[in-house]
Amino acid sequence: MIRNTGLYHAQIVPKFAQYGVELLSATENNDMNNPYGRYIRNNQINNAELESELTSIRTIENLKEKARQGYFPGSRAPVGYIRDKIDGKKVIVPDKQKAPYIKDVFNLYTRGGYSYKEIADKLAKRGFTHNNKPCNKKLIENILTVYDCFYNGQFMFKGVKYEGKHEAILTKEEYANFKCVRNQKYAPKSFIYRGLIQCALTGKYLIGEEHTGANNSGIYQYYRCHHCSMKKDCKKIIKSSVIDKLIIDTINTLTITKEEILAFKDDLKNIMYTNQNMNEERLNLILPQIKKLENRMLALYDDKIDSLITEEFYKQKRDLWQNQLDEYQLEINALKNAQKEIFKRIENALELCEDLSGVYLHHTDEEKHILIKLLCSNFSYDGSKLVITIKEPFKALIKFVIFKNGAGGGIRTHAYRNHNPRS
Ligand SMILES: [Zn+2]
């Protein structure tokens with residue numbers, strides 16, 4: 001029996017016509033030469049399609065039910081576990097030989113400083129194999145990013161996390177530490193010069209990068225043109241702190257009068273307005289998430305009323321989702337207040353001391369970004385010079401600031417060129 005109407009009409013019927021073939025069923029009586037026979041045929045296919053879809057929905061529902069009861073519905077246990085039978089029941093238990101390696105993978109990652117490849121090489125040397133092959137980078141990546149919660153006694157199924165009945169390989173503490181390190185690693189990086197520095201050749205924006213300094217001295221931010229070919233000068237990397245220094249020097253050359261401060265504030269208001277729109281975009285992302293969580297909690301409550309889930313499971317999920325809701329609420333409050341606060345702080349700083357470089361040094365990345373956007377048009381970088389163009393109303397004060405990158409011995413020098421010197 002054909003179970004797909006689309007396929008039947010799109011591919012099979014034209015082929016029959018092409019070869020002058022008639023479809024006859026040995027078990028089903030239908031004559032394709034009259035409308036009634038074709039009608040019956042179509043209905044049979046429709047019914048078969050519906051049945052096949054219902055079966056797959058039922059299968060998924062069955063698997064979800066299995067997951068809710070804490071049994072991993074996947075066909076294969078993740079590396080570090082094996083399938084076993086206890087009292088005739090299929091269960092997943094830690095693989096005694098491999099579990100210690102899994103612990104090592106997480107502990108090395110949490111300790112920091114190792115890439116997936118380095119962890120793989122280290123553990124391959126210690127004898128960690130999978131499918132009779134030494135462990136490799138891909139396996140380590142899967143352990144740390146795909147199966148990770150499994151080793152904490154949980155598992156993911158169809159995008160939902162379930163509490164498993166299987167034994168955790170990691171302690172709660174080990175897993176919490178791992179999550180903490182991983183979240184930091186994947187937290188959106190704040191590159192304050194993102195979208196500000198343009199390649200002098202193409203006008204495209206330089207991309208922020210982070211690199212570890214020599215002897216693990218810390219993580220440093222750089223910018224580099226990713227658009228031009230390797231030979232171009234603009235491929236030369238520029239360190240974030242060098243740009244900081246240039247901006248502070250630039251700011252220090254500016255003297256601001258009362259009128260200029262007023263104009264500055266007007267400009268600031270415009271930028272705040274733009275940022276407000278960005279915050280609204282974020283709010284538009286969060287609000288549907290909240291609605292989704294609330295609906296989930298209602299459905300969970302229904303399941304509890306209908307005794308589909310245990311009291312314990314209900315409480316666990318409810319607390320988890322309530323926490324997420326609370327976090328969203330905090331973020332919403334922060335978004336609503338952030339703009340006002342930054343504006344006030346910059347305003348205060350302006351009025352108090354008219355000391356822009358002080359404002360720049362002592363404020364957060366976000367505030368710095370706002371200040372730069374306020375003061376400067378985009379920067380242009382050609383591999384040796386970073387040119388900052390000052391915006392109105394500051395243009396009258398200084399037109400160009402030119403910075404020379406790459407002086408010998410690691411000492412950076414800078415020079416200004418004032419195209420529009422004031423009397
Ligand atoms: Zn370039």
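Provided above is the structure to which this section pertains.
Residues numbered from 1 in each chain as written. Predicted model: local features only at pLDDT ≥ 70, side-chain atom pairs only at ≥ 80, totals over all residues. Heavy atoms only, no water.

(A) Fine view of the environment of Y328. Examined against the element boundaries, Y328 turns out to sit in helix 9 (residues 311-353). Remark: the alpha-carbon pair of Y328 and I286, spanning 42 residues in sequence, is separated by 7.0 Å. For Y328, the contacting residues outside a window of four places in its chain are I286, Q289, I290 and L293. (Helix = DSSP H or I, 4+ residues; strand = E, 2+ residues; numbered from the N terminus. Contact = heavy atoms within 4.5 Å.)

(B) Examining the sheet that holds strand 9 (residues 219-224) more closely. Strand order in the open sheet formed by three strands is 8-9-10, with antiparallel pairing between adjacent strands. With one partner strand each, in any of the chains shown, strand 8 (207-212) and strand 10 (238-239) form the two edges of the open sheet. Where strand 8 lies against strand 9, six bridges are found, and the strand directions are antiparallel. From the neighbouring strand, E210 faces strand 9, where its bridge partner is Q221. (Pairing = 2+ DSSP bridges.)

(C) Region of the structure containing the nonpolar core. One finds F128, I140, I143 and Y151 to be the most contacted residues of the largest nonpolar core, which totals 33 residues. Every element with two or more residues in this core is listed here: helix 3 (99-111), helix 4 (116-126), helix 5 (137-145), strand 5 (154-157) and helix 6 (172-186). Here the element with the most residues in this core is helix 3; it accounts for seven residues. Residue contacts for Y151: discarding those within four places in its chain leaves P78, V79, Y81, I102, F106, I143, A168, I169 and L170. (Core = buried A, V, L, I, M, F, W, Y, C linked by side-chain atoms within 4.5 Å. Buried < 20%, exposed > 50% of the residue type's maximum accessible area, 1.4 Å probe, protein only.)

(D) Structural detail: unusual backbone geometry. Of note in this structure, D87 is not a glycine but carries a positive phi near 50°. If you trace the backbone, D87 turns up in the loop between strand 1 (81-86) and strand 2 (89-94). At K158, a residue that is not glycine, the phi angle is positive and equals roughly 50°. By secondary structure assignment, the location of K158 is in the loop between strand 5 and strand 6 (160-163).

(E) Fine view of a positive patch on the surface. Together, K66, R83, K85 and K90 make up a region of like positive charge exposed at the surface. A relative accessible area of 33% means that K66 is categorised as partly exposed. (Patch = residues over 30% accessible without salt bridge, like charges linked within 9 Å, V, L, I, M, F, W, Y side chains within 5 Å. Areas by Shrake-Rupley, 256 points an atom, 1.4 Å probe, with all protein chains shown as cover. Salt bridge = Lys/Arg side-chain N within 4 Å of Asp/Glu carboxyl O. Lys, Arg positive; Asp, Glu negative; His and termini not counted. Charge placed at Lys NZ, Arg CZ, Asp CG, Glu CD.)

(F) Broad picture of the pattern of salt bridges. Applying the stated criterion to the full structure yields 10 salt bridges. Between K117 and D121 there is a salt bridge, with the nearest N and O atoms lying 2.9 Å from each other. Taken together, the positions of K117 and D121, both in helix 4 and four residues apart, correspond to about one turn of that helix. Taking the relative accessible area as the measure of exposure, K117 reaches 44% and is therefore partly exposed. When the shortest N-O distance is used, the salt bridge between D382 and K385 registers 3.3 Å. Residue classification places K385 among the partly exposed positions, given a relative accessible area of 27%.

(G) How the structure looks around the pairing of strand 6. As paired elements, strand 5 and strand 6 share four bridges and run antiparallel to each other. Counted as the bridge partner of F157 is V160 from strand 6. Connecting strand 5 to the antiparallel partner strand 6 that follows it, the hairpin turn spans two residues, and K158 within it adopts a positive phi of roughly 50°.

By themselves these figures say nothing about function.
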